[in-house]
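# Observations on chain architecture
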Amino acid sequence: MIKNKITGQRRLTFEDVTVKVFSPAQFNELLSGDFLPNLIAKSLDLKRNQSALLKAGLADGGRGGEFFFFSEDNRLILKSMKESERDLLLSILPEYIEHYERNPHSLIAKVLGVFE
């Protein structure tokens, strides 16, 4: 568990599944412009992504063996990450968010959340 006052955590429960959300307030700052919540919901619609979901586990996941899922409209990528990658991302999160505030059209991939 990350014990960092900057990042914080929140637990969400959906039926039988509990999801830990890391740094929800900070990631909410990145949810603007092209990534409005209704566009995210549309990109992740289960019916639209059914065939992509079935294929998601078939790829080798890259060199590290991570799980990759590309939404049907290719606007979003879901990727698993190792704990060390998560810790690194959360440790640089304030600077990462500041980068997007200064460079709203940055070509660096925009991470919209970290979940466990």
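Keep in mind that this is a model prediction, so the values were computed, not measured.

The next subject is the overall build of the protein chain. Tallying secondary structure elements over the protein chain gives five helices and five strands in all. Helices (α) and strands (β) of the protein chain occur, in sequence order from the N terminus, as β-β-α-α-α-β-β-α-α-β. Taken over 116 residues, the protein chain has a buried fraction of 28%. Put simply, 45% of the contacts in the protein chain that link residues at least 6 apart link residues at least 24 apart. In the form shown here, the protein chain has an accessible surface area of approximately 8,500 Å², with 57% of it arising from carbon and sulfur atoms.

Let us now look at the packing of helix α4 (residues 83–91) against helix α5 (residues 93–102). The N-to-C vectors of α4 and α5 enclose an angle of 60°; their axes lie 5 Å apart at closest approach. If you check the angle between α4 and α5, you find them oblique. Side by side, α4 and α5 meet where L89, L90 and S91 of the first sit next to L93, P94 and E95 of the second. Residue classes in the contact of α4 with α5 are distributed as four nonpolar, one polar and one charged.

Its place among the elements puts P104 in the loop between α5 and β5 (114–115). Linking P104 and L30, residues 74 residues apart in sequence, is a C-alpha distance of 9.7 Å.

A full pass over the atoms with the stated rule returns seven salt bridges. A salt bridge links E116 to R86; its shortest N-O distance comes to 2.7 Å. One end of the pair, E116, is in the segment after β5; the other, R86, is in helix α4, and 30 residues separate them in sequence. For R86, a relative accessible area of 9% corresponds to the buried category. Through salt bridges with shared partners, a single network forms among K20, E83, R86, D87 and E116.

Unlike most non-glycine residues, S23 shows phi in positive territory, near 50°. Following the sequence through the fold, S23 ends up in the loop between β2 (17–22) and α1 (24–28). For N74, which is not glycine, the phi torsion reads 60° and is therefore positive. In this fold, N74 is placed in the loop between β3 (68–70) and β4 (77–79).

What counts and what doesn't
Each chain has its residues counted from 1, running along the sequence as written. Only residues with pLDDT of at least 70 get local features here, since the model is predicted, and only at 80 or more are side-chain atom pairs given and counted; chain-wide, interface and lining totals rely on the full set of residues. Working from all heavy atoms in the structure, the side-chain values ignore hydrogens and water. Starting at the N terminus, helices and strands are each numbered in turn, a helix being any DSSP run of H or I of at least four residues and a strand any DSSP run of E of at least two. Remark: exposure states derive from per-residue accessible area (1.4 Å probe, protein chains only) relative to the maximum for the residue type, with buried under 20%, exposed over 50%, and partly exposed in between. Note on contacts: a residue pair is in contact if any heavy atoms of the two residues lie within 4.5 Å. All accessibility values rest on the Shrake-Rupley procedure with a 1.4 Å probe; residue burial counts only the protein chains present in the view. Comment: axis = line fitted to C-alpha atoms, over the contacting stretch for helices; angle = value between 0 and 180 degrees taken between N-to-C directions. Angles are sorted into four bins: roughly parallel if under 35 degrees, roughly antiparallel if over 145, roughly perpendicular if 65 to 115, and oblique for all others. Each residue gets one label: Ala, Val, Leu, Ile, Met, Phe, Trp, Tyr, Cys and Pro are nonpolar, Asp, Glu, Lys and Arg are charged, and the others, such as Gly, are polar. Salt bridge, as used here, is a side-chain nitrogen of Lys or Arg placed within 4 Å of a carboxyl oxygen of Asp or Glu.

Keep in mind that these numbers describe shape and distance, not what the molecule does.
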